[in-house]
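Summary of structural features
Listed below, chain by chain, are the residues.
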Amino acid sequence: MSDDELCELIQTLDDELIAQGAEPWQRELAIESRLSEKLRVSYVIGDTRHQPRHVRLLRRYFEQHYRRKDLFMPPLHVGAFLFRDLFFPVRIPLIFGSPTLDLRTFLVDATDSQKELIFGERTSLMTFCDQVLDLLDFVYGLDDVGKEGKLQERTIELWNLAKQQLEAASATTLGSFTKYAIVQNCCVAVELLLKGVLIQEGVPERLLSSTKRGYGHDLPSMAEKVCHASSGMDFDLVLGAVSRMPDYVHTRYNDVRLTRVQLGHLLMSSHYIAGEILRCHSDRCFRREAHSQTRLYPPNTVK
């Protein structure tokens, strides 16, 4: 097979994987494996000194078509942390084994001077740690319950949809000029989280969707029911966080003028609710393992 034919085959395989929904970072190894099998070539994958011809062509193809960051395995979740009125990415990585975690390394894109300000003051430091631990408990707790099969599939589905909404909210704060879209993202995420618990508790989904005889979009009513049903949940903090959220239906049809700080608190309160719910429904608790029992965020009142 000539170089041109190999390059054409690499392009075809890449197009097929794109159509199948494979991520960019997954495709290079998948194509290499398929080519090796097709060409019946045996070699040590990763040996840069003795690369077969098709591997060299594959590397050149990916260098031409993709940026380096496109080919990195993404984090499990990207949240956002508010400092003053600025938003910083918080990346939850894929963790192997039981390493010691330095939570400060989860803060991304902050300058050295900004890190000194954030980590040099107790309130901002503890707020950041609270957020990271909440996101760790949410993301890894959700991964755990999804694999165990002990909870209802519909509950897991709603929680995964909530995760998507929170990721979208964070992405908006980090990259969009119009940050007000996160209001709907956060309201929907919290509603999905709460309804997932209620479904697990046996509440019929038709009752959850009904606005006349059921819960509809009444987040405070759902949160109160969830807190009573979930042992270990901080009733006051959860109810306080939910009660401060804007009315979902009102924000859908009306322009809600929230400041950047208010939007940040809305997102971070949603992170807290997500972490608190998964801590109560999984065996995952980074917060307990970190011996961090003094919580500063969310406070009892948020302006």
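Predicted model, so just to flag it, every value in this text is computed and none were measured.

The next subject is the nonpolar core. Counting residues in each nonpolar core, the largest one holds 73 residues, and the members touching the most others are Leu136, Trp159 and Ile277. If you tally residues by element for this core, the top one is helix α7 (residues 182-200), at 13 residues. Once residues within four sequence positions are removed from consideration, Ile277 is found in contact with Trp159, Leu193, Leu194, Val197 and Met233. Of all hydrophobic cores here, the second largest spans 13 residues; its members include Leu6, Leu17, Leu57 and Phe62.

We now examine the side chain of Thr251. Along the chain, Thr251 turns up in helix α11 (residues 248-253). Here Thr251 falls in the buried class, since its relative accessible area comes to 10%. At a separation of 2.6 Å, a polar atom in the side chain of Thr251 contacts the side chain of Gln184. Beyond its immediate sequence surroundings of up to four residues, Thr251 is in contact with Val183, Gln184, Pro246 and Val256.

Oppositely charged side chains are able to pair whenever their charged atoms sit close together. Summed over the entire model, instances satisfying the criterion amount to 20 salt bridges. A salt bridge links Arg53 to Asp3; its shortest N-O distance comes to 2.6 Å. Residue Arg53 is found in helix α3 (residues 53-65), and its partner Asp3 is found in helix α1 (residues 3-20); the two are separated by 50 residues along the sequence. Judged by relative accessible area, which is 36%, Arg53 ranks as partly exposed.

Looking now at α3. For α3, spanning 13 residues, the distance from its first C-alpha to its last is 19 Å, which sits close to the expected 18 Å at 1.5 Å a residue. Among all positions of α3, only His54, Val55, Leu57, Leu58, Tyr61 and Phe62 are buried. Projected down its long axis, α3 carries its buried residues within an arc of 160 degrees, all on one side. With respect to the buried face of α3, the exposed residues turned more than 90 degrees away are Glu63 and Gln64.

Cut-offs applied
- Residues numbered from 1 in each chain as written.
- Predicted model: local features only at pLDDT ≥ 70, side-chain atom pairs only at ≥ 80, totals over all residues.
- Heavy atoms only, no water.
- Core = buried A, V, L, I, M, F, W, Y, C linked by side-chain atoms within 4.5 Å.
- Buried < 20%, exposed > 50% of the residue type's maximum accessible area, 1.4 Å probe, protein only.
- Helix = DSSP H or I, 4+ residues; strand = E, 2+ residues; numbered from the N terminus.
- Contact = heavy atoms within 4.5 Å.
- Polar contact = N/O pair within 3.5 Å; in protein donor to acceptor, adjacent residues only side chain to side chain.
- Salt bridge = Lys/Arg side-chain N within 4 Å of Asp/Glu carboxyl O.
- Expected span 1.5 Å × (residues − 1).
- Arc of directions from axis to C-beta.

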